[in-house]
Amino acid sequence: MAEKLLTVRNVTRQFGGLTAVNDVSMTIYDNELVALIGPNGAGKTTLFNMLSGLLPATSGTIAIRHDGRFYKVSGKGATSVAQHGISRTFQNIRLFGDMTVRENIMAALNNQFKESFWGTIIRTPHYYRTEREMNDAAQKLIDRYHLTAVADSPANKLPYGMQRRVEIVRALATKPKIIFLDEPAAGMNPEETAELTTMIRQLRDENNLAVLLIEHDMSLVMSLAERIYVLDQGEVLASGTPKEVSQNPAVVKAYLGGDANAAG
Amino acid sequence: MQIFMQQLINGLSLGSIYALLALGYTMIYGIIKIIHFAHGDVYMLGAFFGYYTINVWHFNFIMALFGSMIFCALVGMLIEFVAYRPLRHSSRIAVLITAIGVSYFLENGMSVLFSGDTRDFPQVIKQVNYEWFGIRVTNIQLLIFATTIILMIILQLIVKKTKMGRAMRAAAADPVAAELMGININGTISFVFAIGSAMAGAAGVLIGLYYNSIEPTMGLTPGIKAFVAAVVGGVGSIPGAAVGAVIIGCLESLMQAIGFSAFKDAAVYVVLIIVLLFLPAGLFGNKQPEKV
Amino acid sequence: MKIRWQTIAIWFVCMAAGYGIIYAGEMTGVVDTFIENMLVMMGINIILAVSLNLIVGFSGQFSLGHAGFMAIGAYATGIMTQTESTFAGLIFSMITGIVITIVIALIVGVPTLRLKGDYLAIATMGAAEIIRLTANNLKITNGPAGLFNIPQLATWPLVYIMMCLTIIIVANFVHSKTGRAIRAVRNDELAATAMGINATKYKLMAFVMGASLAAVGGSLYASYLQSIAPSNFNIMESVSILIIVVLGGIGSITGSVIAAVVLGAIDTVLQNFGSLRMVIYAVMLIVIMIAKPSGLMGRREFSIGKWLAKRTAKKQAAAES
């Protein structure tokens, strides 16, 4: 049995009077591929933002295992959260637009390398070595995830599907133990979606990390996810294997709006 | 206490002038998100136009006031058309530099045409002093309060009750959506510049009467102070601009009253920074969080 | 490896050649006091503009308070070199100015850098005005009259060397790990933090470094012109530095250098127009901005290293085919 990696306990988030996420608990284990699904407005992105430290939770705790101990994510800033093995992509792609793909990836490698202030100013041999090592590390990712052709183009000049790939690779560059993908297949054609599926699986297998993704494309979710959490109106409606979830009457009702028997 | 009240009256007069200017800043920033750096110079033009109409055409106060307002409205629309409209889709910093260019142009153009000297503003209204409980109020101060209040009420009515006002608010909230809904964006922006500049023109005539002197560089400092007032009140908010302006005006007067006149400007900036730090959207503004 | 040394050598030759040309001009009398004055002001403006570009262009923080930091350097030199009027005294005053500026930039930056865009601009403008008004009211700064008879310890060679150093420092800084983090924060602060980049730290770093270099510019300004007053460091001075940055291209060091030289030359030519000078300047400003809103260079940069790399790649391709 794999070890627990991320634990979410009774997390709630309110915006004014509106409860976007209500008493959500979930556990993610090492190296798992988990999907978070639910209708629009179910609170998926809000939950993601709390998990990645961009938004504080109103109550409840989120913790990630780091160096054998559990580190509390809730209440910490995004920078610190990212430094403890959590990385993510965004629903509306947020690349460093006028930087090249290579620079985007190198920026994400930032915390893995050390460089002294005076060293960069007078360009010591150490500076050149660090630059070369960072470039090599980025190049490895570029080659592995088929970005070689676009490596030196500005990120905002790339086609949409490519930008999504770059964003995933950038998230990977921070060496996370878990990666959150917010609607990675949104706006992609079937061909691109198929490529993406392969990429996500490859990502997980080769880097020993867990993946949690929000996705509306059910065929992608069903083929990829090992476990699914269903969120509805801010609460966990159901969880389990794809098969269990797809046969859960409450889920079918929430998704199809009709009665469960008709869908079955 | 008497001195305090006296300075409060003086502060309110100054604050009213700032308020008229701040309204222009706040409306213009609200709709096209630019710091209209030349706004203080429009106010200067208003004062000079008033000076000429009174001296040459022998206008009375009301006529001079309206004359300056109309003149400045035209100037404001012209500035927007020539300098800002071509840059509608450029970076805001580029528009700011253009605005500074316009400000330099107006200031120095006026210096070349009419020399940089300070000149006396004609006293179309004879100053009368009233004393109540030892506090001196002049008829000009009362005139400033009255004009400011009337103009602000009219402005509020335009924004809240008319079709144009609705277009203004829609364009400020979301220009693209407003355009899709059939609102003439360029026309609305022109209208905002006209109204804002007319207010500045009125302020120019009033300050001429109040201080008796005008010069081509008179717009810079009040312009900056009024902008600070708009920020303190919350950019985009009309009552905010008025309250911010009164706070700044009174603060300056009070600093003077307690013998720190050398630090009155510094105090204004300290207040500005404190407000920005604790209420980033100003006293009356509402800030939307960034959507992820 | 070879390209690295070639790049350094070519840059060094260029900078030495620039020095040589001015030196020859001085010797032959082509560069008289008037032209020397123009060249020195260009050099100081390059220091100020490149350092502001680090803040505005690379780290994306709209600062309108550069003249305030310049004033700190200028007053440090103005006050200290009057009692210790040696070259060592000038250098010591410059370092003192930098240290004070770092402290004040931290005090200003820590709270205000949370603000965005125009709000940050207004806050930094306010901070600079507070610095100026302090100088206006202190005894040691001699109030509104300012300081005069400051010994002229800064000569054109010193200004030239400091200008070259500023360009090298900023260019090297920007093209490093830290520089990339700073640019990432400018592009998308939220995404950068989600990638583990400490946005506050990097923003503060760029701000403090830009401010300290402005203090150097201020020191040279005071020492070369020999008199300073608080009015030299008002909002309009901050604005005129910003104009150089925007005109050259926000985020282009090359652009800042070119714009500082071009504007300096234009300003000198316009001296002949008397009172019309500022009117013509204003019209040009408006016309240039409307014609080229992204500035002369945009974000492009003149880079010998890249040029050499491209040339070598081309040669290799030719040799292979």
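By the naming in an unreviewed UniProt entry, chain B goes by Branched-chain amino acid ABC transporter permease and is assigned to Limosilactobacillus mucosae. Per UniProt, the comment on chain B under Sequence similarities (unreviewed entry) is "Belongs to the binding-protein-dependent transport system permease family. LivHM subfamily." As recorded by UniProt, the Subcellular location (unreviewed entry) comment attached to chain B reads in full: "Cell membrane".

Peer 1: Just give me the short version of the overall build of chain C, but keep the residues and values in it.
Peer 2: When helices and strands are tallied, chain C shows 13 helices and 0 strands. In terms of overall dimensions, chain C is globule-like: its C-alpha atoms have a radius of gyration of 20 Å, near the 20 Å expected for 321 residues. Within the span of chain C, comprising 321 residues, buried residues form 56% of the whole. Taking the contacts inside chain C whose residues are at least 6 apart along the sequence as the reference set, 81% of them involve residues at least 24 apart. Of the roughly 13,000 Å² that chain C leaves accessible, carbon and sulfur atoms contribute 69%. Separation between the mean location of the 21 positive side-chain charges and that of the 12 negative ones in chain C comes to 13 Å.

Peer 1: Give a description of unusual backbone geometry that names residues and reports values.
Peer 2: Trans is the common state for peptide bonds, and a negative phi is the common state for residues other than glycine. Backbone geometry places A:Asn10, a non-glycine residue, at a positive phi of 50°. Of note, A:Asn10 is situated in strand E1 (residues 4–15). What makes A:Asn10 partly exposed here is its relative accessible area of 39%. We note that C:Gln226 has phi near 70°; this positive angle belongs to a residue other than glycine. Within the secondary structure, C:Gln226 is located in the loop between helix H9 (199–225) and helix H10 (235–248).

Peer 1: Can you lay out helix H1 (residues 2–32) of chain B for me, pointing to particular residues and giving the numbers?
Peer 2: Residues and elements named next belong to chain B. Its 31 residues give H1 an end-to-end C-alpha distance of 44 Å, which sits within 8% of 45 Å, the value for a rise of 1.5 Å per residue. Along H1, the sharpest kink reaches roughly 25°, centred on Leu21. Counted residue by residue, H1 has 24 buried out of 31 residues, so it is predominantly covered.

Peer 1: Requested: an account of the sheet that holds strand E3 (residues 33–37) of chain A, with residues and values cited.
Peer 2: Residue and element names in this part refer to chain A. Spatially, 6 strands are ordered E6-E7-E8-E3-E9-E10 in an open sheet, and the strand pairing comes out mixed. Edge positions in the sheet fall to strand E6 (86–88) and strand E10 (235–240), since each has one partner strand and no second. Averaged over all pairs of adjacent strands, the angle between strand axes in this sheet comes to 20°, irrespective of strand direction. In this sheet, strand E7 (residues 178–182) lies alongside E6 in parallel orientation, the contact comprising 3 bridges. Counterpart to Ile86 in the pairing with E7 is Ile178.

Peer 1: Hey, could you go over helix H1 (residues 44–51) of chain A for me, with residue numbers and the actual values?
Peer 2: Residue pairs spaced three or four apart in an α-helix point in one direction, given the helix's 3.6 residues per turn. Residues and elements named next belong to chain A. Most of H1 sits out of view: 8 of its 8 residues are buried. Buried within H1 are the following residues: Lys44, Thr45, Thr46, Leu47, Phe48, Asn49, Met50 and Leu51. Gly53 lies just past H1 and shows a positive phi near 80°.

Peer 1: Which residues make up the pairing of E7(A), and what are the values?
Peer 2: As a general feature of sheets, a regular strand has side chains that alternate between the two faces. Residue and element names in this part refer to chain A. Summarising burial for E7: 5 of the 5 residues are buried, a large majority. As paired elements, E7 and strand E8 (residues 210–214) share 5 bridges and run parallel to each other. Among the inter-strand pairings, Leu181 is bridged to a residue of E8, identified as Leu213. In terms of handedness, the path from E7 via helix H7 (residues 190–207) over to E8 forms a crossover that is right-handed.

Peer 1: I'd like a rundown of the packing of helix H7 (residues 177–187) of chain C against H9(C), residues and numbers included.
Peer 2: Residue and element names in this part refer to chain C. Two elements in contact, H7 and H9, have axes separated by 9 Å at closest approach and are oriented at 110°. When the axes of H7 and H9 are compared, the pair comes out roughly perpendicular. Contact with H7, carried on its side by Lys177, Thr178, Ala181, Ile182 and Val185, involves Ala199, Tyr202, Lys203, Met205 and Ala206 of H9 and no other residues of that element. In terms of residue class, the contact of H7 with H9 is built from 7 nonpolar, 1 polar and 2 charged.

Peer 1: I'd like to hear about the interface of chain C and chain B, residue by residue, with values.
Peer 2: Of the residues lining the interface, 37 residues belong to chain C; the matching set on chain B comes to 42 residues. Both sides of the chain C and chain B interface together cover about 3,600 Å² of buried area, and 82% of this is carbon and sulfur. A per-residue breakdown of the area chain C buries against chain B is headed by C:Asp118, C:Tyr119 and C:Ile122, which together make up 17% of the total. The interface formed by chain C and chain B includes 1 salt bridge. Among the ionic pairs, C:Asp118 bridges to B:Arg92, the shortest N-O distance being 2.7 Å.

Peer 1: Summarise the packing of aromatic side chains; cite the residues concerned and give the values.
Peer 2: Scanning the model with the defined rule gives 21 aromatic pairs over all chains in all. The interplanar angle of 70° and the centroid separation of 5.8 Å between the aromatic rings of A:Phe117 and C:Phe173 together place this pair among those described as edge-to-face. Pair noted here: A:Phe117 is in helix H4 (residues 117–122) and C:Phe173 is in helix H6 (residues 156–174), and the two residues belong to different chains. Here C:Tyr19 and C:Trp156 contribute two aromatic rings whose centre-to-centre distance is 5.1 Å and whose plane-to-plane angle is 40°, an arrangement assigned as tilted. Within this pair, whereas C:Tyr19 is found in helix H1 (residues 2–28), its partner C:Trp156 is found in helix H6, the two being separated by 137 residues in sequence. Members of the aromatic cluster, connected to one another through ring pairs, are B:Phe48, B:Tyr51, B:Tyr52 and B:Phe114. Taking NZ or CZ as reference, A:Lys76 lies 5.0 Å from the ring centre of A:Tyr71, over its face.

Peer 1: Account for the nonpolar core, naming residues and giving values.
Peer 2: If you look at the biggest cluster of nonpolar residues, it comprises 244 residues, and the most contacted ones within it are A:Ile105, B:Val228, C:Leu220, C:Ile228, C:Phe233, C:Leu242 and C:Ile243. By residue number, the principal contributor to this core is helix H8 (residues 185–211) of chain B, which donates 16 residues. In contact with C:Leu220, not counting residues within four places along its chain, are C:Ile44, C:Ile47, C:Met94, C:Ala154, C:Leu158, C:Val159 and C:Met162. Counting 29 residues, the second largest nonpolar core, distinct from the first, contains A:Val8, A:Leu47, A:Leu51 and A:Val81.

What counts and how
- Residues numbered from 1 in each chain as written.
- Chains lettered and ligands numbered in written order.
- Predicted model: local features only at pLDDT ≥ 70, side-chain atom pairs only at ≥ 80, totals over all residues.
- Heavy atoms only, no water.
- UniProt positions renumbered as here; feature names shortened; annotations may be inferred.
- Helix = DSSP H or I, 4+ residues; strand = E, 2+ residues; numbered from the N terminus.
- Rg over C-alpha atoms; globule rule 2.2 N^0.38 Å.
- Buried < 20%, exposed > 50% of the residue type's maximum accessible area, 1.4 Å probe, protein only.
- Contact = heavy atoms within 4.5 Å.
- Areas by Shrake-Rupley, 256 points an atom, 1.4 Å probe, with all protein chains shown as cover.
- Lys, Arg positive; Asp, Glu negative; His and termini not counted.
- Charge placed at Lys NZ, Arg CZ, Asp CG, Glu CD.
- Expected span 1.5 Å × (residues − 1).
- Bend = angle between axes of the 7 residues up to and from the residue.
- Pairing = 2+ DSSP bridges.
- Axes fitted to C-alpha atoms, helices over the stretch in contact; angles between N-to-C directions.
- Right-handed = clockwise from strand over helix to strand, strands pointing away.
- Parallel < 35°, antiparallel > 145°, perpendicular 65-115°, else oblique.
- Nonpolar A, V, L, I, M, F, W, Y, C, P; charged D, E, K, R; others polar.
- Buried area = accessible area lost by both parts, 1.4 Å probe.
- Salt bridge = Lys/Arg side-chain N within 4 Å of Asp/Glu carboxyl O.
- Phe/Tyr/Trp six-rings, centres within 6.5 Å; stacked < 30°, edge-to-face > 60°.
- Lys NZ or Arg CZ within 6 Å of the ring centre and 35° of its normal.
- Core = buried A, V, L, I, M, F, W, Y, C linked by side-chain atoms within 4.5 Å.

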